[in-house]
Amino acid sequence: MRRLLKWFGLLVLLVVAAIAALAGVLAFKTFRHGSQQIAVAPLAPIAVDEQGAAKRLSEAIRFQTISNFLNPEQDAAALDALQAHIQASFPAFHAVAKREVVNGHSLLYTWQGSDPQAKPIALLAHQDVVPIAPKTEQDWQQPPFSGAIEGGYIWGRGSWDDKGNLFSMLEAAELMAKQGFRPKRTIYFAFGHDEEVSGLRGAGKIAELLASRNIRLDYVLDEGLLITEGVMKGLDKPAALIGVAEKGYATLVLTARGTPGHSSMPPRDTAIGMLAAGLVQLENHRLPMRIRGSVAEMFDTLAPEMSGFNRVVLSNLWLFRPLLLSEFAKSGTTAAMVQTSTALTVFNAGDKDNVLPGIAEASVNFRLLPGDTQASVADHVRTTVANDKISIAPFEGNFDPPPVTGTKSPSYQALTRTIREVFPDVIVAPGLMIAATDSRHYSNVADNIFRFSPVRATPEDLKRFHGTNERISIKNYADMIRFYVRLMQSTAG
Ligand SMILES: [Zn+2]
């Protein structure tokens, strides 16, 4: 009995010691890193003509530059009108920069730098917009192409995506040109016209032109991640995320072949049945969830800024990774950050109720995490569907994830510093861009690619993106202009 008690006591002691050791490790890992934020003095606000700038953007929204992949000339007249408006609005900038029209409707401006040794930079935006979803027009508080200035906001399609970026870049350049600024580095302003439908005719052609001139860019800044409030539990401050990585895109067309014929004598395997079974397999066996690369770096950067249990979790992924991943799996938005997504988007088969179709066809769209490739996803589909009567073909326009941009470069640091100067309340961290941007076309001509829009958004605002009631506040718009002024001063001045 006494011996048993002794053993029991020892066991309790061991458990207590193990718990204490675990708590020690968790605490050590949690508090090992302090804030990684660069300390900068907030900038005295640069004087901006807020009302004039708001009016120029408002007018730009009225040109319905809705791009269409199959009908590229659909918005030609609207693009011409928008470009006339740009030329009329920014005379000082047009006096110092060279203007070129690329492939009919894209714009490339060159503001020549004085130092021929310094690598140029490029600011990117797109002129086109997405259409208004049918039957949602009446849900808009202001007509979607009115450019109404109301309640402190500029309303309309493109106010945020992406005429807001395009015009704030030009407002910044105009302001600086008027003040006699002369860049040391050459600054390109590259404005594609078909970003929403692939960017192949716009950004793709501009990048080709730069390559043909042997131009190598230090960095490209394009639209992208935002300054978001309340997106991570335990993080009280708004976070400005710089997209240093972007997902790839692969649509695979699956075609099942069965024996066509009368439905009174159906065979065991039908085209529709086989294809449906294969698609169910794909939904049930998705690609693995992983925390690595830019997402891991984002967690590392944000963790020291967080409070409570969330900080402990993010600082101790060695223990809590499964917990975090099961949380992320609950919503499509968070799952997309840690997984190559699988989306069944098209299904076509059959046209008569008593006839078996010989063919059934479906499209599955994957958005690829960096590390996955079109080839690796096609392999995954082949082995998961495991049916040689189903053929798999890639869609044209698929692309692998572009190379990931490092965070150690002087330009990343300068971008970080600029964000904190203009938006002193925010935390800056690298992140993964879930959607595609024009910037991917620049992989061959740029050392660094950043995807960041100096736009403040709450989780509620995110629905406005490509959605209803898109708008930008005049106050935010003025800060966007200040951001681009400061960025050009600090990286090209
Ligand atoms: Zn956009």
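Structural data are supplied above this passage.
A brief look at the structure comes next. (Residues numbered from 1 in each chain as written. Predicted model: local features only at pLDDT ≥ 70, side-chain atom pairs only at ≥ 80, totals over all residues. Heavy atoms only, no water.)

Side note on the coordination of the zinc ion
- Coordination of the zinc ion by the protein comes from His126 (NE2), Asp161 (OD), Glu223 (OE) and Glu223 (OE), over a distance range of 1.9 to 2.6 Å.
- Read from N- to C-terminus, the donor residues coordinating the zinc ion fall into the pattern H-x34-D-x61-E. Pair noted here: His126 is in strand S3 (residues 121–126) and Glu223 is in strand S7 (residues 217–228), with a separation of 97 residues, a long-range link. Glu223 matches His126 in its accessibility class, with the two residues each being buried. (Donors = N, O, S within 2.8 Å, 3.2 Å for Na, K, Ca; no water. Helix = DSSP H or I, 4+ residues; strand = E, 2+ residues; numbered from the N terminus. Buried < 20%, exposed > 50% of the residue type's maximum accessible area, 1.4 Å probe, protein only.)

With respect to the side chain of Ser89
- Tracing the backbone shows Ser89 in helix H3 (residues 76–89).
- At 2.7 Å, the side chain of Ser89 and the backbone oxygen of His85 are in polar contact.
- Contact partners of Ser89, with chain neighbours within four places excluded, come to Arg56 and Glu174. (Polar contact = N/O pair within 3.5 Å; in protein donor to acceptor, adjacent residues only side chain to side chain. Contact = heavy atoms within 4.5 Å.)

Looking at helix H13 (residues 410–422)
- Along its 13 residues, H13 runs 18 Å from first to last C-alpha, staying within 8% of the 18 Å computed at 1.5 Å per residue.
- Within H13, ten of the 13 residues are buried, which leaves it mostly tucked inside the rest of the structure.
- Of the residues making up H13, those classed as buried are Ser411, Tyr412, Ala414, Leu415, Thr416, Thr418, Ile419, Arg420, Glu421 and Val422. (Expected span 1.5 Å × (residues − 1).)

A short note on the nonpolar core
- Of all hydrophobic cores here, the largest spans 65 residues; its most connected members are Trp111, Phe189, Leu221, Ile419, Phe483 and Met488.
- For this core, the element with the most residues is helix H14 (residues 474–492), which contributes eleven residues.
- In this structure Leu221 touches Ala122, Leu123, Leu124, Leu415, Phe450, Phe452, Phe483, Tyr484 and Leu487, once residues within four positions along its chain are discounted.
- Listed in part, the 28 residues of the second largest apolar core include Leu26, Leu317, Phe328 and Val338. (Core = buried A, V, L, I, M, F, W, Y, C linked by side-chain atoms within 4.5 Å.)

Overview of the sheet that holds strand S5 (residues 153–155)
- Read across the open sheet, the three strands follow the order S4-S5-S17; overall the sheet is antiparallel. Strands at the two margins of the open sheet, each flanked by one partner only, are strand S4 (149–150) and strand S17 (471–473).
- The sheet contact formed by S4 and S5 spans two bridges and is antiparallel. From the neighbouring strand, Glu150 faces S5, where its bridge partner is Tyr153.
- Across the face of the sheet, helix H2 (residues 50–61) comes into contact with S4, S5 and S17 while running at roughly 15 degrees to S5.
- Its contacts with the sheet put H14 on S4, S5 and S17, and the angle it makes with S17 is roughly 75 degrees. (Pairing = 2+ DSSP bridges. Axes fitted to C-alpha atoms, helices over the stretch in contact; angles between N-to-C directions.)

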